[in-house]
Amino acid sequence: MEIKDFDFSQVSAGYRLCFNSQCERCGDCIRYVAGQHLPANIESGPAIYPNALADGQCHYFVEACDIKAAWGFEPLYAHVEPHHRAPIRKSITAYLGSVGTYYRYDKGERRLNIKQQRDIMDILAKYGYTDGLHFAHYEASYDF
């Protein structure tokens, strides 16, 4: 699979990369593709070891497929009552891990994958908000 315009900055910091070119499915695995686009300034990090490949199968295989990535939270708050905004934002921030990470996803420096989008929608649903929810921006990306 040829991945054009691969943006390594979208790969999560703790995402496990693979460098096992012996795997028959490596070209279709986003972990391997991401490893092939590793910037020169990154020298260490989480990885899948070659012994994860057993009998031609790898437990860590993740198909490189397009998703509809999202960023920007402003539209999510458009119909949220003012007294719910702070607790919802706090819940989303806690889910994403930190205030800095929240802002990276809000400003588009990072993209939310499908699971993250669903989880954030679930947070809003806990406060009773389910209709007309959407993020500010969407784009085709790869699922990390």
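Residues numbered from 1 in each chain as written. Predicted model: local features only at pLDDT ≥ 70, side-chain atom pairs only at ≥ 80, totals over all residues. Heavy atoms only, no water.

Caption draft 1: Quick peek at the confidence of the model for the chain. For the chain, per-residue confidence averages 91 on the pLDDT scale, and residues scoring 70 or more make up 97% of the total. When mean pLDDT is compared element by element in the chain, helix α2 (residues 82-96) scores highest at 97, while strand β6 (residues 137-142) scores lowest at 86. (pLDDT = per-residue confidence, 0-100. Helix = DSSP H or I, 4+ residues; strand = E, 2+ residues; numbered from the N terminus.)

Caption draft 2: Structural detail: the packing of aromatic side chains. Under the counting rule described, the total for this entry stands at 4 aromatic pairs. Judged by centre distance (6.2 Å) and plane angle (75°), the ring pair of Phe135 and Tyr138 falls under edge-to-face. Residue classification places Phe135 among the buried positions, given a relative accessible area of 1%. Overall, Tyr138 belongs to the partly exposed group, its relative accessible area being 34%. Linked through ring pairs, Phe73, Tyr102, Tyr103, Phe135 and Tyr138 together constitute an aromatic cluster. A cation over a ring is seen here: Arg25 above Phe61, with NZ or CZ 3.6 Å from the ring centre. Taking the ring centre of Tyr138 as reference, the NZ or CZ of Lys68 above it sits at 4.7 Å. (Phe/Tyr/Trp six-rings, centres within 6.5 Å; stacked < 30°, edge-to-face > 60°. Buried < 20%, exposed > 50% of the residue type's maximum accessible area, 1.4 Å probe, protein only. Lys NZ or Arg CZ within 6 Å of the ring centre and 35° of its normal.)

Caption draft 3: Region of interest: the packing of α2 against helix α4 (residues 114-126). The geometry of α2 relative to α4 is characterised by a closest axis approach of 10 Å and an angle of 150° between their N-to-C directions. It follows from the interaxial angle that α2 and α4 lie roughly antiparallel. α2 and α4 meet at a crossing whose hand is right-handed. For the pair formed by α2 and α4, the contact residues are Ile88, Ser91, Ile92, Tyr95 and Leu96 on the first element and Lys115, Gln116, Asp119, Ile120, Ile123 and Leu124 on the second. For the contact of α2 with α4, the per-class residue count stands at 7 nonpolar, 2 polar and 2 charged. (Axes fitted to C-alpha atoms, helices over the stretch in contact; angles between N-to-C directions. Parallel < 35°, antiparallel > 145°, perpendicular 65-115°, else oblique. Left-handed = near helix turned anticlockwise from the far one by under 90°. Contact = heavy atoms within 4.5 Å. Nonpolar A, V, L, I, M, F, W, Y, C, P; charged D, E, K, R; others polar.)

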